[in-house]
Amino acid sequence: MNKKNFQITTQPPPGTRDFLPADAGLFTRTADILLREYAGWGYRRVITPSIEFLDVFSNLKVNGLFKVVDINSGELISFRSDFTPQIARLSSAIMHSRTLPFKFSYFGPVLRNLDPGSGKPREIWQVGVELIGPYAPESDAELIVMGIESLNGLNFRDFNIDVGNVEFFRGIVENIKENDRKKIEECVARKDSSGLKLILEDMSVDDKKKETIKDLPLLFGEKSIIKKAWKMADNDRSKRALEDLERVLNYVKLYKKEKYITIDLGEIRGLNYYTGTIFECFIPHIGHEIFGGGRYNNLTGMFGPSCGGAGFAVDLETVTRHMGEYRYPSEDYLIANVTGNHSFSVEINIFLRRKGFKVEVSFMDYSYLDFIEYMKQNDIKNIVYIFNDKKSSKGSPLISFKKISEEKENIFRSIPEFKEFIVHMGS
Amino acid sequence: MRKRPKIAIPKGRMLGSSLELLRKAGFITHPDEDYNSRRLIFDYEDDTSKLLIVKPSDVPTFVEYGAADIGIAGKDILLEKHRNVYEPLDLKFGECRIVVAVHGNALTIAGDNQNSFAIKGLITDAGPALSIGNGNLVGQKTFNEAGKGAGKSFEIKLTNGEGKSNGVGINAIKEIQERYPSSFKGIIEYNKKRLYSQSNLRVATKYVHITEDFFRKKGINVQIVKLYGNIELAPLSGLSEIIVDLVSTGETLRQNNLFEIDEIAKVTSRLIVNRASLKTNPKGIASAIESLKNIIEGN
């Protein structure tokens with residue numbers, strides 16, 4: 001670094017950001033609401049380390065990880081890029097000593113080393129849950145219902161959950177050579193019907209199978225698509241997938257949440273660790289999902305005994321950006337004392353805090369309007385302004401109380417008078 | 001009722017065909033002139049869609065982020081930068097190819113003295129088709145055949161008092177291309193092999209990722225120079241030995257004495273769809289795809 005010209009940039013590395021109190025408050029409060037919702041279904045929060053051995057994240061491309069070499073062991077270590085494998089690791093570690101199921105929730109950032117020019121964040125804040133133990137499709141359905149309820153709790157109305165099952169696709173292409181299967185996978189993932197038609201021409205696959213594969217990209221829509229899928233299911237694996245999907249939908253229906261559901265059996269993104277049901281939540285005109293997840297029965301097996309697992313993660317930033325008119329009530333106070341008589345501020349501060357309000361005493365040498373501006377920026381709703389009465393030089397200072405959303409200003413001549421007003425305002 | 005879909009289409013080369021297609025499919029109703037102004041958003045009340053006219057390489061970006069529900073983008077742009085969008089339909093227009101090309105001078109080899117040079121080629125399966133001994137090529141030449149059969153090479157020696165910079169070599173190659181296609185193929189094959197075995201070959205292109213990918217798969221180490229336009233200038237000015245560029249008729253290559261040595265990909269326009277638009281309005285998007293598909297296949 002050039003010491004003569006010592007000035008560090010004010011900006012964090014590309015793809016990361018600072019959260020000012022208003023944003024950070026919104027963020028943590030939203031996370032709280034989600035976590036509380038999940039706690040209501042029996043999920044309890046765990047905290048996992050922010051670094052892991054690189055191999056834990058083998059589901060992601062290595063160049064997408066932020067990694068360092070452990071000085072002691074020489075092993076590669078990566079910053080957390082995904083909570084799910086971490087929780088699978090953790091679950092494997094405790095599987096012998098604790099009783100299944102494990103119902104865990106989490107909240108924190110994941111780091112992904114993406115091209116910063118893409119405009120996508122490299123630090124993504126997630127709230128999510130993992131359910132380790134059951135294999136039943138109904139447990140997938142419960143996760144979907146929880147996801148829907150948590151969005152309802154944040155006043156989301158227009159969204160839908162797209163449900164699929166990766167085993168359907170896997171069953172269809174099971175007996176195709178791996179190289180060809182990869183090519184098919186690529187086209188189906190992009191719903192590239194034209195490309196699919198082209199590559200199938202050169203493949204030694206029987207014509208009936210080709211026709212089935214050609215239909216895969218268009219296997220999305222309402223529930224009726226499952227009927228079509230049954231006709232395409234020429235193997236047990238795909239049939240089991242459809243049975244599972246129907247069980248998921250039936251269970252969601254018991255909670256009367258079926259209106260949110262769409263089906264896409266051609267959806268095979270994130271195929272790497274999912275082994276069954278997958279689901280993603282979309283809101284109109286936002287290109288990426290706001291939450292997504294699915295079943296991953298083999299993931300715990302990477303670390304030890306294998307057992308059922310499923311979960312989902314909510315992208316907190318997308319949620320807070322699009323939750324619209326949701327406002328958290330704020331009843332904060334600012335005490336601005338321009339008299340120099342600190343006993344007033346202190347007594348009022350103690351009183352208001354005991355009442356359960358958030359209060360801050362200002363030590364800035366501001367004018368009344370400057371205080372108001374400061375309050376607006378920091379989402380503080382009430383001002384207690386203590387000043388000397390200009391008409392009479394004698395006597396105690398006056399106390400002015402005002403909600404900044406209202407015109408009316410209340411003037412009090414003494415602290416008891418003020419206290420009484422506040423007490424009655426609440427009732 | 002849902003809002004009208006927003007469609008991003010590329011300005012420039014493919015604008016006309018895009019508008020025509022959308023008009024046939026009933027998304028827009030006005031004639032081309034109405035979409036040809038400095039405005040970038042066209043939101044006519046009698047159209048069933050809103051049009052965004054953007055730079056071709058930006059179409060996938062608009063669609064990926066949901067600023068547009070669907071878009072029309074060249075496959076070259078989709079190959080160059082992976083975007084999280086669906087591409088359900090080949091629209092079949094805007095056909096062209098991404099190719100590797102080399103300047104004619106690179107196909108000739110300096111000879112024994114300043115005024116002589118040679119063109120070498122592989123003898124292809126088609127046999128020693130060349131009978132250049134007839135004296136049709138410019139300048140003096142001798143034709144040496146190393147032996148009949150595939151895998152062997154031939155060499156045409158050319159001399160010219162004014163040296164090869166005069167374009168004699170290029171003219172000779174052009175003549176061979178026209179009159180002896182199988183020998184021309186042999187020349188290209190020979191030089192391709194020669195160039196690709198060079199270490200640290202320099203390639204100028206605007207398709208950095210496509211180029212990187214292509215040569216990596218071939219196991220060839222190249223140094224890529226990113227340019228934003230007029231790629232054909234690079235070999236003329238000595239910036240790079242070869243280029244990777246989009247060609248439709250090949251006229252630009254011809255005019256600049258460039259010769260195609262490899263094809264990387266065939267390119268057409270694709271319909272692309274935002275993921276959330278498809279998921280949140282599956283019926284609408286499916287029927288839009290269907291109606292466009294019918295028009296294309298009806299052609």
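Residues numbered from 1 in each chain as written. Chains lettered and ligands numbered in written order. Predicted model: local features only at pLDDT ≥ 70, side-chain atom pairs only at ≥ 80, totals over all residues. Heavy atoms only, no water.

Quick word on the sheet that holds strand E12 (residues 222–226) of chain B
Backbone hydrogen bonds hold the strands of a sheet together, and the pairing may be parallel or antiparallel.
Residues and elements named next belong to chain B.
So, step 1. Pairing in this open sheet of 5 strands is mixed, and the strands run E12-E11-E13-E6-E14 from one edge to the other. The sheet is open, and its two edges are formed by E12 and strand E14 (258–267), each paired on a single side. Pairs of neighbouring strands in the sheet enclose a mean axial angle of 25°, with direction left out of account.
So, step 2. Taken strand by strand, helix H5 (residues 181–196) contacts strand E6 (96–103), strand E11 (201–205), strand E13 (242–247) and E14, and its axis lies near 80° from that of E14. (Pairing = 2+ DSSP bridges. Helix = DSSP H or I, 4+ residues; strand = E, 2+ residues; numbered from the N terminus. Axes fitted to C-alpha atoms, helices over the stretch in contact; angles between N-to-C directions. Contact = heavy atoms within 4.5 Å.)

Brief notes about helix H10 (residues 282–298) of chain B
Residue and element names in this part refer to chain B.
So, step 1. Along its 17 residues, H10 runs 24 Å from first to last C-alpha, staying within 8% of the 24 Å computed at 1.5 Å per residue.
So, step 2. Of the positions making up H10, those classed as buried are Pro 282, Ile 285, Ala 288, Ile 289, Leu 292, Ile 295 and Ile 296. The buried residues of H10 all sit within an arc of 165° when viewed along its axis, so they share a single face. Opposite its buried face, H10 presents the exposed residues Lys 283, Glu 297 and Gly 298, each directed more than 90 degrees away. (Expected span 1.5 Å × (residues − 1). Buried < 20%, exposed > 50% of the residue type's maximum accessible area, 1.4 Å probe, protein only. Arc of directions from axis to C-beta.)

Details of the nonpolar core
So, step 1. In this structure, Ile 161, Phe 168 and Ile 184 of chain A are the most contacted members of the largest nonpolar core, which totals 68 residues.
So, step 2. For this core, the element with the most residues is helix H3 (residues 137–153) of chain A, which contributes 7 residues.
So, step 3. Excluding residues that lie within four positions of it along the chain, Phe 168 of chain A makes contacts with Leu 216, Leu 219, Ala 229, Met 232, Ala 233, Ser 238, Ala 241, Leu 242 and Leu 265 of chain A.
So, step 4. Of all hydrophobic cores here, the second largest spans 32 residues; its members include Leu 201, Val 222, Val 244 and Val 267 of chain B. (Core = buried A, V, L, I, M, F, W, Y, C linked by side-chain atoms within 4.5 Å.)

Overview of the interface of chain A and chain B
So, step 1. With 29 residues of chain A at the interface, the matching set in chain B holds 29 residues.
So, step 2. Taking both sides of the interface into account, the surface hidden between chain A and chain B amounts to around 2400 Å²; carbon and sulfur atoms contribute 46%.
So, step 3. The largest contributions to the chain A side of the interface with chain B come from Arg 190, Phe 220 and His 285 of chain A, which together make up 31% of the buried area.
So, step 4. With a shortest N-O distance of 3.1 Å, Glu 280 of chain A and Arg 275 of chain B are connected by a salt bridge.
So, step 5. At the boundary of chain A and chain B, one finds 13 residue pairs in polar contact (both at pLDDT 80 or more).
So, step 6. Secondary-structure elements contributing two or more residues to the side of chain A that touches chain B are strand E7 (160–165), helix H6 (193–201), strand E8 (220–221), strand E9 (261–264) and strand E10 (277–282) of chain A.
So, step 7. Ranked by residue count, the leading element in the side of chain A that touches chain B is H6 of chain A, at 3 residues.
So, step 8. Taken together, the residues of the side of chain A that touches chain B sort by class into 6 nonpolar, 9 polar and 14 charged. (Buried area = accessible area lost by both parts, 1.4 Å probe. Salt bridge = Lys/Arg side-chain N within 4 Å of Asp/Glu carboxyl O. Polar contact = N/O pair within 3.5 Å; in protein donor to acceptor, adjacent residues only side chain to side chain. Nonpolar A, V, L, I, M, F, W, Y, C, P; charged D, E, K, R; others polar.)

Describing the layout of surface pockets
Residue and element names in this part refer to chain B.
So, step 1. Within this model, the second largest pocket holds a volume of roughly 1000 Å³.
So, step 2. The wall of the second largest pocket is formed by 37 residues, among which Asp 76, Ile 77, Lys 206, Tyr 207 and Leu 246 lie closest to the centre.
So, step 3. For the lining of the second largest pocket, the elements supplying multiple residues, two or more each, are helix H2 (59–64), helix H3 (75–80), helix H6 (208–218), E13 and helix H8 (251–255).
So, step 4. For the lining of the second largest pocket, the residue count by class is 13 nonpolar, 10 polar and 14 charged.
So, step 5. Mapping the lining of the second largest pocket onto the domain boundaries places at least three of its residues in each of domain 1 (6–95 + 268–298) and domain 2 (99–266). (1 Å grid on protein atoms, 1.4 Å probe; cavity = no way out; pocket = protein on both sides within 12 Å on 5 of 7 lines; lining within 4 Å. Points joined across faces, edges and corners; volume = space filled by probe spheres on them. Domains from an automatic or database assignment.)

Quick look at the confidence of the model for chain B
So, step 1. Mean pLDDT over chain B stands at 82; residues scoring 70 or higher make up 83%.
So, step 2. pLDDT under 50 marks residues 127–142 of chain B. Its contacts with residues more than four places away, or in other chains, come to 38 contacts. (pLDDT = per-residue confidence, 0-100.)

Some words on the side chain of Arg 122 of chain A
Residue and element names in this part refer to chain A.
So, step 1. Position of Arg 122 among the secondary structure elements: in the loop between strand E5 (102–111) and strand E6 (123–133).
So, step 2. Notably, Arg 122 is buried but unbridged: the nearest opposite-charge side chain belongs to Asp 115, and the N-O separation is 7.5 Å.
So, step 3. Looking at Arg 122, its side chain comes within polar contact range of the side chain of Asn 113, at 3.0 Å.
So, step 4. Beyond its immediate sequence surroundings of up to four residues, Arg 122 is in contact with Pro 13, Pro 14, Gly 15, Phe 66, Val 110, Leu 111, Arg 112, Asn 113, Leu 114 and Pro 116. (Lys, Arg positive; Asp, Glu negative; His and termini not counted.)

A few points about the pattern of salt bridges
All names here are of chain B.
So, step 1. All chains considered together, the criterion is met by 41 salt bridges over all chains.
So, step 2. A salt bridge links Arg 4 to Asp 43; the nearest nitrogen and oxygen atoms lie 2.3 Å apart. Placement of the pair is Arg 4 in the segment before strand E1 (6–10) and Asp 43 in the loop between strand E2 (41–42) and strand E3 (50–54), with a sequence separation of 39 residues.
So, step 3. Accessibility expressed as a relative area gives 28% for Arg 4, which makes it partly exposed.
So, step 4. For Asp 43, a relative accessible area of 34% corresponds to the partly exposed category.
So, step 5. Glu 87 is the partner of Arg 270 in a salt bridge, and the nearest nitrogen-oxygen pair spans 3.4 Å. A residue pair is termed long-range when its members are at least 10 positions apart, and Arg 270 in strand E15 (residues 269–273) and Glu 87 in strand E5 (residues 86–90) qualify at 183 residues. Accessibility assignment for this pair places Arg 270 and Glu 87 in one class, buried.

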